[in-house]
Amino acid sequence: FVGVAAMQGVEAERFDLNDPIGPVLPFEMSAPNDAPIRFRHVLTHHSGIRDSAEYGQAYAQGDPTVALGDYLASYLVKDGARWRSSHFAGHAPGARFAYSNVGAALAGFALGEVAGVPFSDLVKRDILEPLGMADSAYYLADLPTPPAVPYDRDGGDAFAPWPQYGYPTYPDGMLRSSARDMARYVAAMANGGELEGTRVLTEASVDQMVTVDPDLGTDEDGQAIVWAMRELEGRPLIGHNGLDFGSLCEVWFDPESGDGIVLLMNGFPSVPFGEVIDLEAALFELAEG
């Protein structure tokens, strides 16, 4: 969603992917070198911003009570309550890949700043509502029905529920959604940014967003604008995945065939992850009919 919102911002000429991100922020980051962090850097995990124990301690029961911008300022500005010099890598932005949830959250915050609305409202206005994703929201308070209970294994085959939780850096993965809603989202991306006559991105923007840069490192098989590429049985797929306490999400589509899959779990499986990949391959076979 950060990637789609970013390309919408580029289409609206709010910014360019190579623009420095600093000038649009209401605070000045305390990065250890003079090289600017650009939008492209935070959108491809090349910003040099690191997650830390401070990031993990931000989880709380219910919706977050700390605003996204306030949290980022406290984490990225020297003398902030959460600032550590280790939050920035020693190398210049763009030098190497390191997956960063805080970097993704910073990208979302900056997109909201250039649009003049909070990121959650931006996504709702420009993605969720146009695509008819009525069961999707970043905040529990905005969901029409309570989400599924997340579970953790409590030894053996027993399960223990997690409370519903949130964190200030919500753009990095706090969207709650239904299988139907996510299927509509994937269908729109696999169809070049359009679904049922509603277009949220031009085909050219989708192509740019999912084009893998071979010069970028990645923890998948290729990195694009937020989205990544994974080869599944020789087929290059575009998508993203994520896991959190009591949850697993896999979203992938084939740009050539237009087939896509969504895999949502309210718990993290105890089986080897290769078995999840096998399940995805089986789902693609079903999608292909």
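Scroll up to find the structure this text is about.
Here goes a summary of the coordinates provided. Keep in mind the model is a prediction, meaning the values are calculated, not measured.

Thresholds, definitions, all that
Residues numbered from 1 in each chain as written. Predicted model: local features only at pLDDT ≥ 70, side-chain atom pairs only at ≥ 80, totals over all residues. Heavy atoms only, no water. Axes fitted to C-alpha atoms, helices over the stretch in contact; angles between N-to-C directions. Helix = DSSP H or I, 4+ residues; strand = E, 2+ residues; numbered from the N terminus. Parallel < 35°, antiparallel > 145°, perpendicular 65-115°, else oblique. Left-handed = near helix turned anticlockwise from the far one by under 90°. Contact = heavy atoms within 4.5 Å. Nonpolar A, V, L, I, M, F, W, Y, C, P; charged D, E, K, R; others polar. Pairing = 2+ DSSP bridges. Salt bridge = Lys/Arg side-chain N within 4 Å of Asp/Glu carboxyl O. Core = buried A, V, L, I, M, F, W, Y, C linked by side-chain atoms within 4.5 Å. Buried < 20%, exposed > 50% of the residue type's maximum accessible area, 1.4 Å probe, protein only.

Packing of helix 4 (residues 68–76) against helix 5 (residues 101–115) brings their axes to within 10 Å, and their N-to-C directions diverge by 130°. Considering the angle they form, helix 4 stands oblique to helix 5. Both helix 4 and helix 5 take part in a crossing whose hand is left-handed. For the pair formed by helix 4 and helix 5, the contact residues are Leu68, Gly69, Leu72, Tyr75 and Leu76 on the first element and Val102, Ala105, Leu106 and Phe109 on the second. In terms of residue class, the contact of helix 4 with helix 5 is made up of eight nonpolar, one polar and no charged.

As a further point, take the sheet that holds strand 11 (residues 260–265). Ordered by their spatial adjacency, five strands build an open sheet running 7-8-9-10-11, and the pairing between neighbours is antiparallel. In this open sheet, the two edge strands, each paired with only one partner strand, are strand 7 (222–223) and strand 11. The pairing of strand 8 (residues 228–232) with strand 9 (residues 235–244) spans five bridges and is antiparallel. By the bridge assignment for strand 9, Leu232 is matched with Arg235. Contacts from helix 7 (residues 179–190) reach strand 10 (247–253) and strand 11, with the element oriented near 30° to strand 10.

This brings us to the pattern of salt bridges. Evaluated as defined, the whole model comprises nine salt bridges. Between Arg180 and Asp181 there is a salt bridge; the shortest N-O distance is 3.0 Å. Where salt bridges share partners, they join Glu220, Arg230, Glu250 and Glu280 into one cluster.

It is characteristic of soluble globular proteins that their nonpolar side chains tend to be buried jointly. By size, the foremost hydrophobic cluster in this structure holds 65 residues, and its most contacted members are Phe1, Met29, Leu43, Leu106 and Tyr185. Listed by contribution, the elements that provide at least two residues to this core are helix 1 (2–11), helix 2 (39–43), helix 4, helix 5, helix 6 (119–128), helix 7, helix 8 (203–210) and strand 10. Counting residues per element, this core draws most heavily on helix 5, which supplies seven residues. Not counting residues up to four positions away in its chain, the partners in contact with Phe1 are Phe119, Val123, Ile127, Leu128, Met133, Tyr138, Leu175, Met182 and Tyr185. Residues Leu232, Leu237, Ile261 and Phe284 belong to the second largest nonpolar core, which totals six residues.

Shape is all these values report; function is a separate question.
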